[in-house]
Amino acid sequence: MLVGQLLALSYLSRLYGPPPGSQPLGKVSAIYIGLFLCVGVISALALPAAALGLSRELVFEELQLWRPLTAVFWTNSLGLDFAMQLWFFGSFSSLLERRHFHNTPLKYAAALLSGTLLIGLQALMLEDGPPLALSHSFTLFVVTLWSRTEPLKPVRLLHSIPTRVTHAPWYVAAAALPLTGVCLGYCNLFGICAALLCAA
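Right, let's walk through the structure included here. Here the residue numbers are simple positions, counted from 1 along each chain's written sequence. Reporting in this predicted model follows two pLDDT cut-offs: at least 70 for local features of residues, and 80 or more for side-chain atom pairs to be given and counted; totals over whole chains, interfaces and linings ignore these cut-offs and use all residues. Remark: hydrogens and water are excluded; side-chain values derive from all non-hydrogen atoms of the structure.

Working note: a packed helix pair is described by the angle between its axes plus the distance between those axes. Following both chains from N to C, one finds helix H6 (residues 105–123) and helix H7 (residues 135–147) inclined at 135°, their axes separated by 10 Å at the closest point. One finds that H6 runs oblique with respect to H7. As for the relative orientation of H6 and H7, their crossing is right-handed in sense. Facing H6, whose interface residues are Tyr108, Ala111, Leu112, Gly115, Thr116 and Ile119, H7 presents Ser137, Phe138, Phe141 and Val142. Amino acids are sorted into nonpolar (Ala, Val, Leu, Ile, Met, Phe, Trp, Tyr, Cys and Pro), charged (Asp, Glu, Lys and Arg) and polar (every other residue, Gly among them). Tallied by class, residues from the contact of H6 with H7 come to 7 nonpolar, 3 polar and no charged. Each axis is a line fitted through C-alpha atoms, taken for helices only over the stretch in contact, and angles between the N-to-C directions span 0 to 180 degrees. For helices the rule is a DSSP run of H or I covering at least 4 residues; for strands it is a run of E covering at least 2, with both sets numbered from the N terminus onward. Angle categories: roughly parallel below 35 degrees, roughly antiparallel above 145, roughly perpendicular from 65 to 115, and oblique for all the rest. When the near helix sits turned anticlockwise from the far one by under a right angle, the crossing is termed left-handed; a clockwise turn instead gives a right-handed crossing. Residue contacts are counted whenever heavy atoms from the two residues lie within 4.5 Å of one another.

Laid out in structure tokens, this is it:
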């Protein structure tokens, strides 16, 4: 866990204080990364995990309507998973915002909110169980939105895997499956589907 926290701090320092000559973090992306950080710290220090995840029973029967929102920022730990989450979301969201929503930050914020709602609606169709963390799904939503901007462009994922941009979300989802398990793997597909609906 300590390694993940150090990596996350290192990455955050580069995002919020970029080296000279590098691109600054987009405003909307910075706000969302701040929310990831706040929810992660609160869940680790103050609240039980069950208070943040998505649960169909608690949403419909107890009217805990905040859960679809908190679930997309909850990573269930402050370890390596948290650091990877920040890296993927920060990199792809900032790239997407700078290149395609540069003069329309409200439009990008609306797209992210639409993705949150679409992911939440799909996840509520799953059988009830332990509260779900949907941050991986939300990150895949952003990666898929990015992949729709230049779908035929060649890219090397992690500087080693040659593919086209349009295939990148599926590689990321497949690589995350051993870490997330089957249930959250379904939720990752919800993120991809939500982005395809928004981009249609």
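Back to the write-up after that little detour.
Along the chain, the position of Phe36 falls in helix H2 (residues 27–45). Each C-alpha atom of the pair Phe36 and Thr75 lies 8.1 Å from the other, and the pair is 39 residues apart in sequence. Those residues in contact with Phe36 that lie beyond four places of it in its chain are Val72, Phe73, Phe82, Gln85, Leu86, Phe89, Ser135 and Phe138.

Patch definition: residues with relative accessible area over 30% and no salt bridge; like charges joined within 9 Å; nonpolar side chains (Val, Leu, Ile, Met, Phe, Trp, Tyr) joined within 5 Å. Exposure was quantified through the Shrake-Rupley algorithm and a 1.4 Å probe, taking into account, for residues, occlusion by the shown protein chains and nothing else. Salt-bridge detection follows one rule: a side-chain nitrogen of Lys or Arg within 4 Å of a carboxyl oxygen of Asp or Glu. Taken together, the side chains of Trp170, Val182, Tyr186, Leu189 and Leu196 make up a nonpolar region of the molecular surface, amounting to roughly 500 Å² of accessible area. In this structure, Val182 sits in helix H8 (residues 168–199). Exposure remark for Val182: the relative accessible area of 61% places this residue in the exposed category. When accessible area is computed with a 1.4 Å probe and restricted to protein chains, residues below 20% of their type maximum are described as buried, those above 50% as exposed, and intermediate ones as partly exposed.

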